[in-house]
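A closer look at the structure
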Amino acid sequence: MAAFSSANNSGQHFLNKEESFMYDREVRFRMEDTMNAARLEYTEKGVMNLASRRCDIIRISQSSAVLAILTQYNLPKQFYLDIPDARITKIGCVLMKVFPNNTVEVRFLRLLTDKEMNKIFVYSSHPAHKNRVLDIKA
């Protein structure tokens, strides 16, 4: 029985190591400062209609963002993010961290394209992006 138990534990350890390796190999995208108005949409308490809350995107990368939430409320673990100015809708998000200063870090369920990132920065009111122009041909 003891031999089976240790083999079982080593197998489990191997899976954890493999799992860890998978996440360590994931590409990290650099976060950039931005300032875009956005909207969170989610279902409340299993009801079919979507609730909507305003927020601001203050940092973003192709895979994640930091959102400033205007009022305190319970945010679900999964929701959609809309960025109306850039005409980007229904980006699936997972809540990663909640910070005490009314900001949260979210992870996107898909990578944003370079074209979407450019549109976000064009419509950003952050001084770092004031000279960005929308590429109509793209």
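Right above here is the structure, for reference.
Presented here is a report on the structure given in the accompanying data block. Model, not experiment: these values are computed from the prediction.

1. Re the overall build of the protein chain
- Summing up its helical and strand segments, the protein chain has 2 helices and 6 strands in all.
- Ordering the α and β elements of the protein chain from the N terminus gives α-β-β-β-β-β-β-α.
- Put simply, the protein chain has 138 residues, and 32% of those count as buried.
- Nonlocal contacts in the protein chain, meaning residues at least 24 apart in sequence, comprise 52% of its contacts between residues at least 6 apart.
- Of the roughly 9600 Å² of accessible surface on the protein chain, a fraction of 55% belongs to carbon and sulfur atoms.

2. Some thoughts on the nonpolar core
- Counting 26 residues, the largest nonpolar core has I60, L67, F79, L81, V106 and F108 as the members making the most contacts within it.
- When near neighbours in sequence (up to four residues on either side) are disregarded, F108 contacts I60, S61, Q62, S63, S64, A65, L81, I91, G92 and C93.

3. Considerations on the pairing of strand β2 (residues 50-60)
- In the sheet, strand β1 (residues 32-43) pairs with β2 via 10 bridges, with the strands oriented antiparallel. Within β2, the residue paired with E32 across the bridge is I60.
- As paired strands, β2 and strand β3 (residues 64-69) are joined by 5 bridges and run antiparallel to one another. Each bridged residue has a counterpart across the sheet, and for I57 the counterpart in β3 is L67.
- Hairpin connection, β2 to β3: the antiparallel pair is bridged by 3 residues.

4. Structural notes on the state of the cysteines
- Taken as a whole and assessed by the stated rule, the structure comprises 0 disulfides.
- Free of any disulfide, C55 has its nearest neighbouring cysteine sulfur in C93, separated by 8.8 Å.

About the thresholds
- All residue numbers refer to position in the chain's written sequence, counted from 1.
- Totals for whole chains, interfaces and linings use every residue, but because this is a predicted model, local features are given only for residues with pLDDT of at least 70 and side-chain atom pairs only at 80 or more, for both listing and counting.
- Excluding hydrogens and water, the side-chain values take into account all heavy atoms of the structure.
- A run of H or I in DSSP becomes a helix once it reaches four residues, and a run of E becomes a strand once it reaches two; helices and strands are each numbered from the N terminus.
- A 1.4 Å probe rolled over the protein chains alone gives each residue an accessible area, and that area as a share of the maximum for its type sets the label: buried under 20%, exposed over 50%, partly exposed in between.
- Here, two residues are considered to be in contact whenever any of their heavy atoms come within 4.5 Å of each other.
- Surface accessibility in these figures is a Shrake-Rupley result with a 1.4 Å probe; residues are shielded only by whichever protein chains are displayed.
- Among the buried residues, those of types Ala, Val, Leu, Ile, Met, Phe, Trp, Tyr and Cys that are joined through side-chain atoms within 4.5 Å form a nonpolar core.
- Strands were regarded as paired on the criterion that DSSP finds at least two bridges between them.
- Sulfur atoms of two cysteines make up a disulfide when they are within 2.5 Å.

Purely spatial values, then, with no claim about function.
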